[in-house]
Amino acid sequence: MATMRTVSQGLKIALVQNLVGKNKQENIDHSFSLVRKARENGATMISLPECFQSPYGNQYFGEYAETIPGYTTEQLKSLAKELGIYLIGGSIPERDGDKLYNTTTVFNPSGDMILKFRKIHLFDIDIPGKITFLESNTLSSGSKIGYFDTKYCRVGIGICYDIRFPELAMLMNKLGCKVLIYPGCFNMTTGPVHWELLIRARALDNQCYCCAVSQARDDSASYVAWGNSTVCDPWGEVVGKAGSKEEIIYSDIDFERIEMIRNQIPIGKQKRNDIYELKYLS
Ligand SMILES: O=C(O)CCC(=O)C(=O)O
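Source: prediction; values computed, not measured. (Residues numbered from 1 in each chain as written. Predicted model: local features only at pLDDT ≥ 70, side-chain atom pairs only at ≥ 80, totals over all residues. Heavy atoms only, no water.)

*Asks:* Would you mind going over the site of the ligand in detail, with residue names and values included?
*Replies:* If you check the shell around the ligand, you find Glu50, Tyr56, Lys119, Phe123, Cys160, Tyr161, Arg164, Cys185, Phe186, Asn187, Thr190 and Tyr223 and nothing else. At 2.7 Å, a side-chain N or O of Lys119 approaches an oxygen atom of the ligand. A distance of 2.9 Å is found between an oxygen atom of the ligand and a backbone nitrogen or oxygen belonging to Cys185. In the complex, 100% of the free accessible area of the ligand, which totals 290 Å², lies under the protein chains. (Near = heavy atom within 4 Å. Polar contact = N/O pair within 3.5 Å; in protein donor to acceptor, adjacent residues only side chain to side chain. Areas by Shrake-Rupley, 256 points an atom, 1.4 Å probe, with all protein chains shown as cover.)

*Asks:* Lay out the packing of aromatic side chains with the relevant residues and their values.
*Replies:* The tally for this structure, following the rule as stated, stands at 11 aromatic pairs. An angle of 55° between the planes, with centres 5.4 Å apart, marks the rings of Phe123 and Tyr161 as tilted. Note that Phe123 is positioned in the loop between strand 6 (113-118) and strand 7 (124-127) and Tyr161 in the loop between strand 10 (154-157) and helix 4 (166-174), a separation of 38 residues in sequence. For Tyr161, a relative accessible area of 15% gives the class buried. (Phe/Tyr/Trp six-rings, centres within 6.5 Å; stacked < 30°, edge-to-face > 60°. Helix = DSSP H or I, 4+ residues; strand = E, 2+ residues; numbered from the N terminus. Buried < 20%, exposed > 50% of the residue type's maximum accessible area, 1.4 Å probe, protein only.)

*Asks:* Please provide a residue-by-residue account of the layout of surface pockets, values included.
*Replies:* For the largest pocket, the calculated volume is near 410 Å³. Mapped onto the lining of the largest pocket, the elements with two or more residues apiece are helix 4, helix 5 (191-206), helix 6 (255-264) and helix 7 (267-270). For the lining of the largest pocket, the class distribution of residues is 5 nonpolar, 6 polar and 7 charged. What the second largest pocket holds in volume is close to 180 Å³. Looking at the second largest pocket, it is lined by 14 residues, and the ones nearest its centre are Val20, Pro55, Asp218, Ala221 and Ser222. Class assignment for the residues of the lining of the second largest pocket results in 8 nonpolar, 4 polar and 2 charged. (1 Å grid on protein atoms, 1.4 Å probe; cavity = no way out; pocket = protein on both sides within 12 Å on 5 of 7 lines; lining within 4 Å. Points joined across faces, edges and corners; volume = space filled by probe spheres on them. Nonpolar A, V, L, I, M, F, W, Y, C, P; charged D, E, K, R; others polar.)

*Asks:* Describe unusual backbone geometry, naming the residues involved and giving the relevant values.
*Replies:* The omega torsion across Ile68 and Pro69 is 0°, close enough to zero to call that bond cis. Within the secondary structure, Pro69 is located in the loop between helix 2 (58-64) and helix 3 (71-83). In this model, Cys51 sits at a positive phi of 50°, which is unusual for a non-glycine residue. Mapping Cys51 onto the fold places it in the loop between strand 2 (45-47) and helix 2. When its relative accessible area of 1% is taken as the criterion, Cys51 is described as buried. Unlike most non-glycine residues, Gln207 shows phi in positive territory, near 50°. Note on placement: Gln207 falls in the loop between helix 5 and strand 12 (209-214).

*Asks:* How would you sum up the confidence of the model for the chain? Please name residues and give values.
*Replies:* For the chain, per-residue confidence averages 96 on the pLDDT scale, and 97% of positions sit at 70 or higher. For residues 1-7, every residue scores under 50 in pLDDT, and the model assigns this stretch 5 contacts once sequence neighbours within four places are set aside. Predicted complex, confidence summary: ipTM 0.98, pTM 0.96. (pLDDT = per-residue confidence, 0-100. Contact = heavy atoms within 4.5 Å.)

Quick look at the structure:
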């Protein structure tokens with residue numbers, strides 16, 4: 001007799017750290033098989049990483065880009081509906097006219113697209129002898145904050161480099177997000193020191209859950225991903241962490257814990273808006 005798995009009634013998040021190769025269809029098929037597995041294991045919200053169907057790199061964005069809605073997002077839509085889950089489609093290179101964006105789409109359990117979010121802060125850095133990357137050579141930036149409502153809570157979205165900007169996370173907190181999710185793809189220079197620190201910082205300064213989901217590491221790729229997909233709780237503690245290889249990590253979101261910590265250390269109420277204020281210029 002087949003074993004019936006228990007599907008969580010609450011918010012159980014799965015981060016799918018898939019290995020991305022050069023074949024788009026294989027990337028889609030393979031990552032979807034991992035999403036199915038995560039659903040079988042009870043996840044109710046599942047996130048893929050940044051560029052889940054395309055290798056990460058300026059030389060790839062144009063070739064793998066699609067319109068939204070388009071081929072990949074139609075498949076994400078069907079999968080969300082088939083599995084009855086909230087599905088965060090990592091990101092894909094999006095083509096809109098003559099511009100490219102790094103874009104996340106989110107689907108609800110009925111298959112409706114409830115968010116299209118374009119990466120706001122482009123990854124332009126120069127660390128001599130280590131890594132120089134200029135996303136702005138190919139991509140344009142978004143200019144709208146990304147969040148969506150679920151039956152559990154409001155969830156905020158940023159993409160990779162966006163996690164370095166505390167103001168963005170604080171605004172998502174101000175808008176009521178209890179969970180922040182960052183599809184990302186850090187590298188072997190910044191990943192070891194900054195990745196976990198940034199995830200923990202965003203969780204702690206907003207007293208919320210913060211999740212970051214990476215591609216798995218491929219040492220032969222032109223851009224080697226750090227991996228280490230992570231979930232951090234509102235106390236700043238890591239409650240789920242992957243290694244460098246392909247893996248799915250799971251985390252149950254405890255809303256009572258968020259409230260308890262917010263009551264114990266009430267920084268949300270102690271902000272001195274008479275001295276400083278964070279404004280959302282929509
Ligand atoms: O901030 C970093 O160190 C890495 C960011 C990145 O890889 C990205 O934004 O895609």
